[in-house]
Each structure stands twice: as C-alpha cells, then as structure tokens.
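Below are the chains, spelled out letter by letter.
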Amino acid sequence: MLDADLFLELAGIGGVFVGFGALIAVRSGSAIQAGEINDVRWVATTAIWVVIAALLPVVIGSYGPVGHELWLVCAVVALGFLVVMTAVFSVTPENRADLADNLANTPRALIVAVMVPTFWLPFVVLIVALVVVALGLYPDQERALYLTAVALGLLMSALMLFVGVFWLRRRAT
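Criteria and cut-off values
Residues numbered from 1 in each chain as written. Predicted model: local features only at pLDDT ≥ 70, side-chain atom pairs only at ≥ 80, totals over all residues. Heavy atoms only, no water. Helix = DSSP H or I, 4+ residues; strand = E, 2+ residues; numbered from the N terminus. Buried < 20%, exposed > 50% of the residue type's maximum accessible area, 1.4 Å probe, protein only. Contact = heavy atoms within 4.5 Å. Core = buried A, V, L, I, M, F, W, Y, C linked by side-chain atoms within 4.5 Å. Polar contact = N/O pair within 3.5 Å; in protein donor to acceptor, adjacent residues only side chain to side chain. Phe/Tyr/Trp six-rings, centres within 6.5 Å; stacked < 30°, edge-to-face > 60°. Axes fitted to C-alpha atoms, helices over the stretch in contact; angles between N-to-C directions. Left-handed = near helix turned anticlockwise from the far one by under 90°. pLDDT = per-residue confidence, 0-100.

For the overall build of the protein, give the residues involved together with the corresponding values.
Secondary structure assignment for the protein yields six helices and zero strands. Taken from the N to the C terminus, the helices and strands of the protein come in the order α-α-α-α-α-α. Looking at the 173 residues of the protein, the share that counts as buried comes to 35%. A separation threshold of at least 6 residues defines the contact pool for the protein, and within that pool the share at least 24 residues apart is 82%.

Here's what the structure looks like:
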C-alpha cells in the first residue's frame with residue numbers, strides 16, 4: 001500500500017544527487033561561472049525536494065493518516081516546499097545571470113528543443129500530479145500520482161546532473 005521502502009530508496013537516491021552536486025561544486029579552487037553555480041544549485045534544489053517529498057508519506061503515515069488524507073497532506077506539503085524552493089532558486093543572482101546569458105546567446109530553437117522536454121514538461125507534469133492528488137480527482141491513483149511526482153523530481157535532478165557533468169566549461173591546465 002504505502003511502500004515505505006520505495007519512498008526511502010528514492011530519498012536515498014536524491015541524497016546521492018545532493019552529494020554529487022556538492023562534489024561538482026568543490027571540484028576545483030578556481031572561479032566558477034554563473035551557469036555552473038546555477039546548474040549545481042538546481043541539482044541540489046530538486047534533489048533536496050525529492051528527499052523531502054519521498055520522506056513525507058513515511059513520516060506522515062507513521063502518525064496514522066491513510067488514503068486520501070495521507071496523500072492530501074503529502075501533496076500540499078510537497079507543493080509548498082516546491083514553490084518555496086523554486087522561488088528561492090529563481091531569485092539568486094546566478095540564476096538571473098545564467099537566464100540572461102542563455103536568452104542572449106542560445107538560439108531559441110535550441111532552448112525549446114532542450115528545455116521543454118528536459119525541464120518544463122517534467123516540472124509541469126510534477127505540479128499537475130500533485131494538484132490532482134490534492135484535489136482528490138483520482139482517489140484510486142493518488143499513491144501512483146504522488147510517486148510519479150517524486151520520480152519526475154528525481155528525473156529533473158538527474159538530467160541537470162548529466163548536463164553539469166558533460167557540459168562543464170573546460171578549464172585550461
């Protein structure tokens with residue numbers, strides 16, 4: 001029913017991503033560009049959200065709520081954390097600089113081809129899944145929808161980690 005082990009494993013994977021993000025951040029003593037800082041912060045932000053969202057059903061469920069009551073609380077709290085964490089991430093100077101640089105120097109077609117499927121689509125589906133759970137529109141599917149939202153958060157973190165690892169600025173040695 002709840003599959004606490006599954007949610008704990010997802011939280012563990014998210015924690016590993018936070019660790020990889022931290023390793024990338026401290027990989028050298030030289031200056032880091034705004035885009036690199038931004039990428040590492042996004043990995044950490046989404047991975048921390050995954051850890052929180054994955055642990056919510058386990059922790060809240062231990063107090064007794066079941067069914068829609070459990071998933072409603074989890075979805076609302078997860079949405080709240082997502083809004084706050086995204087807002088904090090969005091207002092950082094590095095994010096603003098990276099966004100301005102991308103808009104000025106990256107072809108629009110490339111932005112659409114890369115950002116829509118790898119970031120915006122999973123992000124929107126994640127939010128929709130949590131809202132559907134909170135509204136109780138599909139009571140028999142609430143666990144699956146919540147799990148989908150957590151998995152999409154992990155996917156977004158993994159994709160940004162992938163981008164960060166393979167497209168880091170090459171430093172002269």
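Here the narrative resumes, following the displayed structure.
Kindly report on the nonpolar core, identifying the contributing residues and their values.
Side chains of a nonpolar character, in soluble globular proteins, are inclined to be buried together. Ranked by internal contacts, the top residues of the largest apolar core, which has 36 residues, are Trp49, Leu126, Leu130 and Tyr146. Of all elements in the fold, only α1 (4-25), α2 (34-61), α3 (67-90), α5 (108-135) and α6 (142-166) reach the threshold of two or more residues within this core. Residues contacting tryptophan 49, with those up to four places away along its chain left out, are Ala78, Phe81, Leu82, Met85, Leu126, Leu130, Ala149, Val150 and Gly153.

I'd like to hear about the side chain of threonine 92, residue by residue, with values.
You can see threonine 92 is positioned in the loop between α3 and α4 (93-105). Within the structure, the side chain of threonine 92 is placed 3.0 Å from the backbone oxygen of phenylalanine 89, a separation counted as a polar contact. With residues near it in sequence (within four places) discarded, threonine 92 still touches Asn38 and Arg41.

Explain the packing of aromatic side chains to me, using residue names and the numbers behind them.
Applying the stated criterion across every chain, the model contains four aromatic pairs. Centroid distance tryptophan 71 to tyrosine 146: 5.4 Å. Interplanar angle 45°. Geometry classified as tilted. On the criterion of sequence distance, the pair formed by tryptophan 71 in helix α3 and tyrosine 146 in helix α6 is long-range, its members being 75 residues apart. Both residues of the pair, tryptophan 71 and tyrosine 146, belong to the buried class. The interplanar angle of 85° and the centroid separation of 6.2 Å between the aromatic rings of tryptophan 120 and phenylalanine 123 together place this pair among those described as edge-to-face. You can see tryptophan 120 and its partner phenylalanine 123 sitting in helix α5, three residues apart, about one turn around the helix. Ring pairing ties together the aromatic residues Trp42, Phe89, Trp120 and Phe123, which thus form one cluster.

Report on the packing of α3 against α5, specifying residues and quantitative values.
One can describe the packing of α3 onto α5 by two numbers: an axis separation of 8 Å at closest approach and a directional angle of 145°. Handedness of the α3/α5 crossing: left-handed. Residues His68, Trp71, Leu72, Ala75, Val76, Ala78, Leu79, Leu82 and Thr86 of α3 pack against Phe123, Leu126, Ile127, Leu130, Val131, Val133, Ala134 and Leu135 of α5.

Describe the side chain of threonine 46, listing the residues and the values that go with them.
Along the chain, threonine 46 falls in helix α2. Classification of threonine 46 by relative accessible area gives buried; the value is 5%. Threonine 46 has contacts with Gly153, Met156 and Ser157, leaving out every residue within four places of it along the chain.

Quick rundown of the confidence of the model for the protein? Include the residues and the values.
Per-residue confidence for the protein gives a mean pLDDT of 82; residues scoring 70 or more make up 84%. Mean pLDDT values over the elements of the protein span from 70, in α1, up to 95, in α3.

Before we move on, could you go through the environment of phenylalanine 81 and cite the residues and values that matter?
Along the chain, the position of phenylalanine 81 falls in helix α3. Taking C-alpha positions, phenylalanine 81 is 9.9 Å from isoleucine 48, a pair spaced 33 residues apart along the chain. Residues in contact with phenylalanine 81, not counting those within four places in the same chain, are Trp49 and Ile52.

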